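Each chain, letter by letter, is given below.
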Amino acid sequence: MVQEHIPFQLQDHLAALAARLHALLSPYATITIDDKSSHYFSRCEAFFAVEAYLGASPCAANARRLRADLAEGADRMALAVDDHEAVADDFRGATMWWRKTKALPSANVITWSPRNAERRSYRLTFHRRHRALVENAYLPHVLAEGRAVTVRNRQRRLFTNNPSADWSAYDDARVWSHVKLEHPSTFATLAMDPVRKQEIIDDLDMFRDGKEYYASVGKAWKRGYLLFGPPGTGKSTMIAAMANFLDYDVYDLELTAVKSNTELRRLFIETTGKSIIVIEDIDCSIDLTGKRKKKKKDKKKKKMTPPWARDDDEEKKVTLSGLLNFIDGLWSACGGERIIIFTTNHKEKLDPALIRRGRMDMHIEMSYCCFESFKVLAKNYLGVEQHELFGEIRRLLEEADMSPADVAENLMPRSKTKDVDACLERLVKALHEAKEAALSKAAAAAAAAGKKKADEEIKDDSDKDPKDMKERFC
Ligand SMILES: Nc1ncnc2c1ncn2[C@@H]1O[C@H](COP(=O)(O)OP(=O)(O)OP(=O)(O)O)[C@@H](O)[C@H]1O
Ligand SMILES: [Mg+2]
């Protein structure tokens, strides 16, 4: 009724007057935490931290109205205080009152995005004499506890970037969509050289607990891994094992769907901490080589071209320098606790700037199956640690190249009654075939090389003086 009969400007004026009067008379102070951050880039993390804190805090037990929500994949419901409900929290002898409020948009405002429709906030009320306590101790405590509860309750997620056409027009559109991350791979099931595996585990451990160390040496808290090697050697499997080991989310960045460096930056900003950002097959994703060197020349050319004749398409693409900044520029330091992984089958095709230390700190070669890797696979797939065929398999693996994916496929039982002998014999047969194929390939290559050399010799000879030739043959 008030809204309908009192003019809009007067309403505002009256509200301000009432607030001033209340502040003058009341011994209490309030702090409001909105669900929408005023900052363009950051999310309303404080709001969600308060929500998580209050949901898990004993003070929520006194609330009469709660809201239950089943988070994706979780097996129990998470409780949160309902709209307009108030709870009291005791902190070091001081009482803090929380109230959740909801404001509908003014009738004069037309919203076109459903996410703008209503604003929720938490209002904290406390006695003025506790102001320092609230600022210096209580709010940091709420934030830390809320974050810890969120981490405990969260279901790990696998994100993929949405095509830019879906979100470029909307300010608050989601740039990533996600599913539950459920890959079963772990370091125990990953087949590779055990010494190298331990090195990687130690490195990840050091990274996870290295917040202070990174700050003390003045380095952004991030680490890059380059996984390279032939197809089927376990690069993607390794990423899943890393994510499971660290308990991180995975952002699988499809670079070909990103249209510009600005989009790439926004995608990066929208990732959260405790995450692994992956670009698979980096050499195929985009033509990255040489673009940085070309840039100066292009700028010169562009200056000389009149604006109407310029091809702005170039500016819309992700460039090598954009990607370099993404990994190791100023923006890459925002947030922290991020791992960036590139995978490739052809390390030699990549620009050295892209994989230098500091960007890709650790280069991990995933190679063909060795005997140690085979033993892990045999244990995983067949549950055997010893067998009379192991000796022959060890010898064959030294002579023939076979990827762990192929070894695993041969070891996979074909029926429910696990016939270990049959599976190992199948592997031995496949290894013999691989060895023979490699031998005949090598023979064909040697023959081709011999023929090429002979052709070159004939060509050289034909270029010589016919008199010399005659002397040589007579
Ligand atoms: N090192 C390994 N340890 C355990 N399993 C492996 C390993 N390598 C491959 N595999 C098995 O082979 C399958 C294919 O492996 P993966 O996708 O990780 O290979 P990749 O190196 O990523 O190949 P590509 O280069 O083609 O992407 C996996 O699903 C896994 O079952
Ligand atoms: Mg892969």
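None of these values were measured; they are calculated from a predicted model.

(A) Structural context of the overall build of the chain. Regarding its fold elements, the chain presents 16 helices and 13 strands. When each of the 474 residues of the chain is scored for burial, the buried share is 22%. Long-range contacts, defined as pairs at least 24 residues apart, comprise 73% of the intrachain contacts of the chain with a sequence gap of at least 6.

(B) Here's a closer look at the environment of N153. Within the secondary structure layout, N153 lies in helix α4 (residues 131–153). Exposure remark for N153: the 14 C-beta atoms within 10 Å place this residue in the partly exposed category. Sequence separation between N153 and L350 is 197 residues; the distance between their C-alpha atoms is 40 Å.

(C) View of the sheet that holds strand β8 (residues 176–180). Ordered in space as β8-β7-β10-β11-β12-β9-β13, the 7 strands form an open sheet in which the pairing is mixed. Of all the strands in the sheet, the pair left with one neighbour each is β8 and β13 (362–365). The average undirected angle you get between the axes of adjacent strands in this sheet is 25°. Note: strand β10 (residues 249–252) against strand β11 (residues 275–279), 4 bridges, orientation parallel. Pairing of D249 across the sheet is with S275, part of β11.

(D) Molecular detail of the packing of helix α12 (residues 371–382) against helix α14 (residues 404–411). Contact geometry for α12 and α14: axes closest at 10 Å, N-to-C directions at 35°. Crossing geometry of α12 relative to α14 is assigned as right-handed. Together, S373, F374, L377, A378, Y381 and L382 of α12 and P404, V407, A408 and L411 of α14 make up the contact between the two elements. Its residues assigned to classes, the contact of α12 with α14 shows 9 nonpolar, 1 polar and no charged.

(E) Structural context of the site of ligand 1. In the region of ligand 1, 15 residues are neighbours, and P231, G234, T237, P404 and A405 sit closest. Put simply, the parts of the chain that give the shell around ligand 1 at least two residues each are α7 (235–246) and α14. Classifying every residue of the shell around ligand 1 by side-chain character gives 8 nonpolar, 6 polar and 1 charged. Residues from two domains meet in the shell around ligand 1; each of domain 2 (158–365) and domain 3 (371–463) gives at least three.

(F) Molecular detail of the pairing of β10. Bridge count between strand β7 (residues 157–161) and β10: 3 bridges; the pairing is parallel. Residue pairing across strands places L158 opposite V250, the latter belonging to β10.

(G) Region of interest: α4. Helix length check: α4, at 23 residues, gives a terminal C-alpha distance of 31 Å against a target of 33 Å (1.5 Å per residue), a fit within 8%. If you look at α4, its biggest bend is around 35°, right at Y138, and the proline P140 turns up within four residues after that. Taken residue by residue, α4 has V134, Y138, V142 and G146 as its buried positions. In the core, the buried residues of α4 are packed alongside α3 (45–56), β4 (86–91), β5 (94–103) and β6 (119–127).

(H) Broad picture of the sheet that holds β4. The sheet built from 4 strands is open, its strands ordered β1-β6-β5-β4 with antiparallel pairing. Of all the strands in the sheet, the pair left with one neighbour each is β1 (28–34) and β4. Averaged over all neighbouring strand pairs, the angle between strand axes comes to 25°, with direction disregarded. Examined bridge by bridge, β5 and β6 share 7 bridges and lie antiparallel to one another. The residue of β6 that forms the bridge with A103 is R119. The strands touched by α3 within the sheet are β1, β4, β5 and β6, with β1 carrying the most contacts at an inclination of about 110°.

(I) Fine view of α7. For α7, with 12 residues, the first-to-last C-alpha span of 17 Å sits near the 16 Å given by 1.5 Å per residue. Looking at α7, one finds that the buried residues are K235, T237, M238, I239, A240, A241, M242 and A243. On its buried side, α7 packs onto α5 (194–208), β9 (222–228), β10, β11 and β12 (338–344). At the exit of α7 stands D247, carrying a positive phi of roughly 65°.

(J) Expanded view of the environment of F8. Considering the arrangement of structural elements, one finds F8 in helix α2 (residues 8–25). In sequence terms F8 and L133 are 125 residues apart; their C-alpha atoms lie 38 Å from each other.

(K) Summary view of the pairing of β5. Taken together, the 6 bridges between β4 and β5 define a ladder with antiparallel strand orientation. Along β5, the bridge assignment pairs F91 with A94. Joining the antiparallel neighbours β4 and β5 is a turn of 2 residues, in which R92 adopts a positive phi near 45°.

(L) Spatial organisation of the nonpolar core. Membership of the largest hydrophobic core comes to 57 residues, with the highest contact counts inside it found for L227, I239, V250, I276, V278 and I341. Considering each element in turn, this core owes the most residues, 6 residues, to α7. Three or more residues apiece are contributed to this core by two domains, here domain 2 (158–365) and domain 3 (371–463). Here V250 is in contact with L158, F159, L181, I239, A243, S275, I276 and V278, once residues within four sequence places are set aside.

(M) Expanded view of unusual backbone geometry. With a phi close to 65°, H84 is a non-glycine residue in the positive phi region. Within the element layout of this structure, H84 appears in the loop between β3 (78–81) and β4. Although it is not a glycine, K274 sits at a positive phi angle of roughly 50°. When you line up the elements, K274 lands in the loop between α8 (261–269) and β11.

(N) A look at the confidence of the model for the chain. The share of residues in the chain with pLDDT of 70 or more is 81%, and the mean pLDDT across the chain is 82. Across residues 307–314 the pLDDT falls below 50, and counting only partners more than four positions away or on other chains, this stretch makes 2 contacts in the model. Listed scores for the predicted complex are pTM 0.72 and ipTM 0.98.

Calculation rules
- Residues numbered from 1 in each chain as written.
- Chains lettered and ligands numbered in written order.
- Predicted model: local features only at pLDDT ≥ 70, side-chain atom pairs only at ≥ 80, totals over all residues.
- Helix = DSSP H or I, 4+ residues; strand = E, 2+ residues; numbered from the N terminus.
- Buried ≥ 20, exposed ≤ 12 C-beta atoms within 10 Å, placed from the backbone.
- Contact = placed C-beta atoms within 7 Å.
- Pairing = 2+ DSSP bridges.
- Axes fitted to C-alpha atoms, helices over the stretch in contact; angles between N-to-C directions.
- Left-handed = near helix turned anticlockwise from the far one by under 90°.
- Nonpolar A, V, L, I, M, F, W, Y, C, P; charged D, E, K, R; others polar.
- Near = placed C-beta within 6 Å.
- Domains from an automatic or database assignment.
- Expected span 1.5 Å × (residues − 1).
- Bend = angle between axes of the 7 residues up to and from the residue.
- Core = buried A, V, L, I, M, F, W, Y, C linked by C-beta atoms within 7 Å.
- pLDDT = per-residue confidence, 0-100.

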